Amino acid sequence: MAAVQVAGSVPCRQSREAPREATPERGNGFRRLSARLCALRPDDSSSARTEIHLLFDQLISENYTEGSCVAPEDVSALLVQACQLVPLNQNHLVSKVSQLIHHLLNRLQVIVDEQHLDFLLAYTISAVHQCSSWTYMEILQALAALVYCNGSKCQKYLPELLGKTGLLLKLSDSAQSDPEVRRAAVHCMANLCLSVPGQPYLEEPYQHICFQAFLTILQSPKSSDMDDITFCMLLQNALKGIQSLLNGGRMKLTQTDELGALLAVLKKSMFHGLPGLNIEMPTVLYPTPLPQYDGRTPIKPQQSESSTSRPTLNKKKKSKVKPKKIQQGEEEEEKESSGEIEAAPVTGTGRVNLHEGNTWCPSSLGVQSLRLDGSGAAGKDGVSSSFSSSSWKRVSSSESDYSDAEGGMQSKMRSYQAKVRQGALVCFLSTIKSIEKKVLYGYWSAFIPDTPELGSPQSVSLMTLTLKDPSPKTRACALQVLSAILEGSKQFLSVAEDTNDHRRAFTPFSVMIASSIRELHRCLLLALVAESSSQTLTQIIKCLANLVSNAPYNRLKLSLLTKVWNQIKPYIRHKDVNVRVSSLTLLGAIVSTHAPLPEVQLLLQQPCSSGLSNSNSATPHLSPPDWWKKAPAGPSLEETSVSSPKGSSEPCWLIRLCISTVILPKEDSCSGSDAGSAAGSTYEPSPMRLEALQVLALLARGYFSMTQVYLMELGEVICKCMGEADPSIQLHGAKLLEELGTGLIQQYKPESTVAPDQRIPVFLVVMFWTMMLNGPLPRALQNSEHPTLQASACDALSSILPEAFSNLPNDRQILCITVLLGLNDSKNRLVKAATSRALGVYVLFPCLRQDVIFVADTANAILMSLEDKSLNVRAKAAWSLGNLTDTLIVNMETPDPSFQEEFSGLLLLKMLRSAIEASKDKDKVKSNAVRALGNLLHFLQRSHIEKPTFAEIIEESIQALISTVLTEAAMKVRWNACYAMGNVFKNPALPLDLKPKDVFLERRACIKQGESGSAPCYCPEHPGRPISWEHVEK
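Just so it is clear, the model here is predicted, and its values are computed rather than measured.

## Overview of the overall build of the chain
- On a plain count of helices and strands, the chain comes out with 49 helices and 4 strands.
- Each of the 1034 residues in the chain was classed as buried or not, and the buried ones make up 57%.
- Relative to all contacts within the chain whose residues are 6 or more apart in sequence, the contacts with residues 24 or more apart total 76%.
- Only carbon and sulfur atoms are counted for the fraction: they give 52% of the accessible area of the chain, which is about 42,900 Å².

Written out as structure tokens, the structure is:
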């Protein structure tokens, strides 16, 4: 112990000096006891051991309240001193000091610093080797507390802990006789795998050692000598360890067998202890589009396995900010939230068990209204009508056959079982984030339900948990996992197709995916009407929104969206603000998916009160059916020549809802849980208003024919939003303005299918934009404190209808031009990119393109942006330069030659040089740079070409186009270069000696590639017609 005494001298000194820096009123007990401990010296006498015992007990029993001002280094120093006082041959004292380490580190949330960690690790590892086996539990708990978030600092001890004969591997093996010791060893391994961002991760060989150990534990059945709760905690720690390995992408699952084995145990653990359900899984799941294996057997109320899981969805987020230890809490009994009692089938004699065909639903009426196939067969829907009375919700304690003590144990066991299911789901979420989506979708059928065949049972899936799990937290976890799978699945789901009846001997993959999509709709809608927890309800609606955003409804049979639409309407007036916001998000997803869909168009034309006052669920809290009519009446287009969309006899209720949400005071009936609203605010919470503005923008984008009826009223909404102090409200107002402006432009395009009498008259568009420019829009454009708002306002300003711009008052036109040219000097890249694009739009306006001064000012501004460091700014500037050169060509074709004569030759020279440099940039810039080069060479006059300064630049321009065609660039870049070469040949002023033979060689090479399917070349006179080498020879 001599070496130990020397090592302890420094920590003791730190412990005595620390109180001078701490607050005197706090931590006095710790400092007093610490001083007494530091005053002791190693002594093997009975009285010394007794005093040490008493000191340890006092330190453990001390009340360490939050803000005790105990410095972490003081805690580490005290623990080192405590270990120095306890020789390893004193088993009881070793057990006590281990309890002290575990208690202090967890209670005070201390992560041991590297200076003291080395000594404490050496001590605890030696204690395991030398002390009696009955002390292992406490020693391993102390070891787990020491290595928590310190895995990168334990490299020296990893061979001894995780090597072939490693301490932890040996104690965590199934051969270990003491189940509590085995669980504690697995807990240590899980904490070793956890690391803090920015620190080195566990070395790869040890990662795989731990992964295989965790996997083996999850695959192994419960041993006969292990009680249910200990087994729960063992599974919990194994799941936590795998989650830590996967988080942050530190461990990659590259082997199919490795991933398949993990997914198999996760699926098994996801249903662990679920009442009325037992599932058998193969050792490995293999990727396949068809169900591979799914064996189930109903079980008795007494569960053979039970488990728990500490990780929750929020723990992962907390650990990024401040790692928090929860080892101690594993031994504590934790109750589930009150929602478990409301919506939970429970086990036990006299209580209802959920079996294969049952789904929990509050009323038979709700079940009948959700039959998606139109038939009355409950069997096909997977809903048992005999179970629809919800009798299980009304079970009282007197109906239970077991005593209060037995009931407490059953409740505790169910709580731990729910934690295991939650831990498996959170671990699955980490797995999803660590693998590619194309790999994940190979296991689609293992976790996503499919419509069962007639007479066959429903396969177990994530929806089984959503519908049957008694814990609302577990249901929410399952929905989060399902959302993660659905997110970004549009390409995978796009193959689904069921518009035609299937009459084949085999089931095509497209039909199988379509069937899965239908089943997801059915199950999620069942869960929607049955859910009582607001938090889980929010997750259901978000999951529905993810599904709607990715499903190919244009390839599916009608009615899926109609059922979602009608079921979600009542929840718009729910008492919980998060439910209301997610409901609007879902409606936004419906109006944005494959817009415009005829089915959605019919839904938007429904009577305003349809579905708002009637609901099969008692959950929504509704206002009277005419609540939407409180929206202020703005100038209506009925006073003009524009009529409502055909077939629409009533106003669009969704637009009315969104307008009232944005500008009307909130109602008392739905003011509860409004955490997002500012204190004293009379309006709806900010998230609700922002979501309503987003829905309006989506309606303007996809269903402008219905939105145009409210143009002037929406203009007033935009002015109100952009005049508010909240920048996010202003930003969404600007986005809505941009969508409305874009919709107006689309109406007046030559290829538009909108009849002239159905378009909004130009004079009304002028009124609309005059309102905007006389309102808060100019102020938003000049708000340099919020560059994102400035950029969005620039985008909105670029969406002015050209015909309306020419009819604006002269001072408003000058305002727009002056503001844009001024903002081009902005140092913010977002603003500069938006301004460059807006100038590229304005330069095409018929009323501006012949203004030599404006075109020259725009050209100078664009050339300046082409030199910016930001690729996005350069790409926007190159696009605008291409538009500007298009304007030059249009002006060249007018009878009046004044524009060509007045346009500066020096500016043309600068534009050519900038375009040549841009043609060497990234593809995003290059594609428009070569377009500009072709137009500029086409525009050059004989007076320019005769100047010596132009001869060299013309040659460089042609060589730039040739090299672009012949290089391995993107198809769009090479096509634009070919088209630009065609424009060069259109200029009769260019002498033949300036059209080198290289041009013909380049064209020939390009055409030959085009004939082989690489890069087609098109005739300049007929852009849509590919040409062959024979045409060029002619």
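On we go from here.
## Re unusual backbone geometry
- Residue Pro 596 follows Ala 595 across a cis peptide bond; omega there is -5°.
- Phi is positive for Ser 559, close to 95°, though the residue is something other than glycine.
- Position of Ser 559 among the secondary structure elements: in the loop between α25 (534-550) and α26 (560-568).
- One non-glycine residue, His 594, lies in positive phi territory at about 50°.
- Assignment of secondary structure puts His 594 in the loop between α27 (577-592) and α28 (598-604).
- Accessibility expressed as a relative area gives 33% for His 594, which makes it partly exposed.

## Describing helix α7 (residues 136-147)
- The end-to-end C-alpha distance of α7, which contains 12 residues, comes to 16 Å, matching closely the 16 Å that a straight helix rising 1.5 Å per residue would cover.
- Among the residues of α7, Tyr 136, Met 137, Ile 139, Leu 140, Gln 141, Ala 142, Leu 143, Ala 144, Ala 145, Leu 146 and Val 147 are the ones counted as buried.
- Contact partners of the buried residues in α7: α5 (91-107), α6 (114-130), α8 (158-162), α9 (167-172) and α10 (179-193).
- One or two steps after α7, the chain reaches Cys 149, where phi turns positive at roughly 60°.

## Digging into the environment of Leu 33
- You can see Leu 33 is positioned in helix α2 (residues 28-39).
- A residue is classified by how much of its surface remains accessible, and Leu 33, at 1% relative accessible area, is buried.
- Leu 33 sits 25 residues away from Gln 58 along the chain, and the two C-alpha atoms are 7.8 Å apart.
- Ignoring anything within four residues of it in the chain, the contact list for Leu 33 reads Leu 55, Gln 58, Leu 59 and Glu 62.

## Quick notes on the confidence of the model for the chain
- Model confidence for the chain is summarised by a mean pLDDT of 79, while 75% of its residues fall at 70 or above.
- Below a pLDDT of 50 lies the segment residues 290-403, which in the model reaches 276 contacts outside its immediate sequence neighbourhood of four places, other chains included.
- Within the model, the stretch residues 613-649 combines pLDDT values under 50 with 78 contacts to residues more than four positions away or in other chains.

## Comments concerning the nonpolar core
- Judged by nonpolar contacts, the single largest core of 305 residues is most densely connected at Leu 654 and Tyr 842.
- With sequence-adjacent residues up to four places away left out, Leu 654 is seen in contact with Trp 565, Leu 587, Val 591, Leu 604, Val 695 and Leu 699.

## Regarding the pattern of salt bridges
- Applying the stated rule across the entire model yields 19 salt bridges.
- Ionic pairing is found between Arg 701 and Glu 739, a salt bridge with its closest N-O pair at 2.8 Å. Placement of Arg 701 in helix α30 (residues 686-702) and of Glu 739 in helix α33 (residues 727-747) is noted, with a sequence separation of 38 residues between them.
- Overall, the relative accessible area of 56% leaves Arg 701 in the exposed class.
- A salt bridge links Asp 921 to Arg 874; the nearest nitrogen and oxygen atoms lie 2.7 Å apart. Placement of the pair is Asp 921 in the loop between α43 (905-918) and α44 (923-939) and Arg 874 in helix α41 (residues 871-892), with a sequence separation of 47 residues.
- Taking the relative accessible area as the measure of exposure, Arg 874 reaches 14% and is therefore buried.

## A closer look at the packing of helix α11 (residues 204-219) against helix α13 (residues 256-270)
- One can describe the packing of α11 onto α13 by two numbers: an axis separation of 10 Å at closest approach and a directional angle of 40°. Accordingly, the angle class assigned to the pair α11 and α13 is oblique. When you trace α11 past α13, the crossing you get is left-handed. Taking contact as the criterion, the partners of His 208, Phe 211, Gln 212, Leu 215, Leu 218 and Gln 219 in α11 are, on α13, Glu 258, Ala 261, Leu 262, Val 265, Lys 268 and Ser 269.

## What about the packing of aromatic side chains?
- Overall, the coordinates contain 14 aromatic pairs when judged by the stated rule.
- Aromatic pair Trp 565 and Trp 653: ring centres 5.6 Å apart, planes at 80°, arrangement edge-to-face. In this pair, Trp 565 sits in helix α26 while Trp 653 sits in helix α29 (residues 653-663), placing the two residues 88 residues apart along the sequence.
- For Trp 565, a relative accessible area of 0% corresponds to the buried category.
- Each member of the aromatic cluster is reached from another via a ring pair, and the members are Tyr 441, Trp 444, Phe 492 and Phe 509.
- The residue whose ring lies beneath Lys 267 is Phe 447, and the NZ or CZ to ring-centre distance is 5.9 Å.
- The side chain of Arg 759 reaches across the aromatic face of Tyr 748, ending 5.4 Å from its centre.

## Digging into the packing of α10 against helix α12 (residues 228-246)
- Viewed as axis vectors pointing N to C, α10 and α12 meet at an angle of 15°, and their least axial separation amounts to 8 Å. One element, α10, and the other, α12, form an angle in the roughly parallel class. The two elements α10 and α12 meet at a crossing, and its hand is left-handed. Contacts from Pro 179, Glu 180, Arg 182, Arg 183, Val 186, His 187, Ala 190 and Cys 193 of α10 reach α12 at Thr 230, Met 233, Leu 234, Asn 237, Ala 238, Lys 240, Gly 241, Ser 244 and Leu 245.
- Per-class residue counts for the contact of α10 with α12 are 8 nonpolar, 5 polar and 4 charged.

## Points about the side chain of Glu 599
- Inspection of the secondary structure assignment puts Glu 599 in helix α28.
- No salt bridge is formed by the buried Glu 599; its nearest oppositely charged neighbour, Lys 563, is found at 7.6 Å.
- Within the local environment of Glu 599, its side chain forms a polar contact with the backbone nitrogen of Ser 559, the two atoms lying 3.1 Å apart.
- Only 2.6 Å separates the side chain of Glu 599 from the side chain of Thr 562, close enough to count as a polar contact.
- Non-local contacts of Glu 599, meaning those with residues more than four positions away in its chain, are made with Leu 558, Ser 559, Leu 560, Leu 561 and Thr 562.

## Here we look at α30
- Its 17 residues give α30 an end-to-end C-alpha distance of 24 Å, which sits within 8% of 24 Å, the value for a rise of 1.5 Å per residue.
- Within α30, 13 of the 17 residues are buried, leaving the element largely enclosed by the surrounding structure.

## Topic: the environment of Gln 81
- Relative to the helices and strands, Gln 81 resides in helix α4 (residues 72-85).
- Through-space distance from the C-alpha of Gln 81 to that of Ala 39 is 9.7 Å; in sequence the pair is 42 residues apart.

Rules and cut-offs
- The residue numbers shown here count from 1 along each chain, following its written sequence.
- Restriction of local features to residues with pLDDT of at least 70 applies here, the model being predicted, together with a cutoff of 80 or more for giving and counting side-chain atom pairs; totals for whole chains, interfaces and linings are based on all residues.
- Hydrogen atoms and water are omitted, and side-chain values are computed over all heavy atoms in the structure.
- Comment: elements are numbered from the N terminus, with helices defined as DSSP H or I runs of at least four residues and strands as E runs of at least two.
- Classification of residues uses two cut-offs on accessible area relative to the type maximum, computed with a 1.4 Å probe and protein chains only: under 20% is buried, over 50% is exposed, and between them is partly exposed.
- Contact criterion: two residues are considered in contact whenever any of their non-hydrogen atoms come within 4.5 Å of each other.
- Shrake-Rupley sampling with a 1.4 Å probe provides the accessible areas, and residues are treated as covered by the protein chains on show and by no other component.
- Each residue after the first adds 1.5 Å to the expected span of a helix.
- Each residue gets a pLDDT score, which is the predictor's confidence in that residue and runs from 0 to 100.
- Buried Ala, Val, Leu, Ile, Met, Phe, Trp, Tyr and Cys residues that are joined via side-chain atoms within 4.5 Å together make up what is termed a nonpolar core.
- Salt bridges are defined by distance alone: a side-chain nitrogen of Lys or Arg within 4 Å of a carboxyl oxygen of Asp or Glu.
- Every angle, taken between N-to-C directions, lies between 0 and 180 degrees, and every axis is a line fitted to C-alpha atoms, over only the stretch in contact when it is a helix.
- Convention used here: angles under 35 degrees read as roughly parallel, angles over 145 as roughly antiparallel, angles from 65 to 115 as roughly perpendicular, and any remaining angle as oblique.
- Working rule for handedness: look at the near helix, and if it is turned counterclockwise from the far one by less than a right angle, call the crossing left-handed; if clockwise, right-handed.
- Stacked, edge-to-face and tilted are the three classes for Phe, Tyr and Trp ring pairs, Trp counted by its six-membered ring, which pair at centre distances within 6.5 Å; planes under 30 degrees apart are stacked, over 60 edge-to-face, the rest tilted.
- For a lysine, the NZ atom is tested; for an arginine, the CZ atom; a charge sits over a ring if that atom is within 6 Å of the ring centre and within 35 degrees of the ring normal.
- Note on residue categories: nonpolar means Ala, Val, Leu, Ile, Met, Phe, Trp, Tyr, Cys or Pro, charged means Asp, Glu, Lys or Arg, and polar means any other residue, Gly included.
- Here Asp and Glu are counted as negative and Lys and Arg as positive; His is not counted, and neither are the chain ends.
- Under this definition, polar contacts are N or O atom pairs within 3.5 Å; protein pairs additionally need one hydrogen-donor-capable and one acceptor-capable atom, and for neighbouring residues in sequence, both atoms have to be side-chain atoms.

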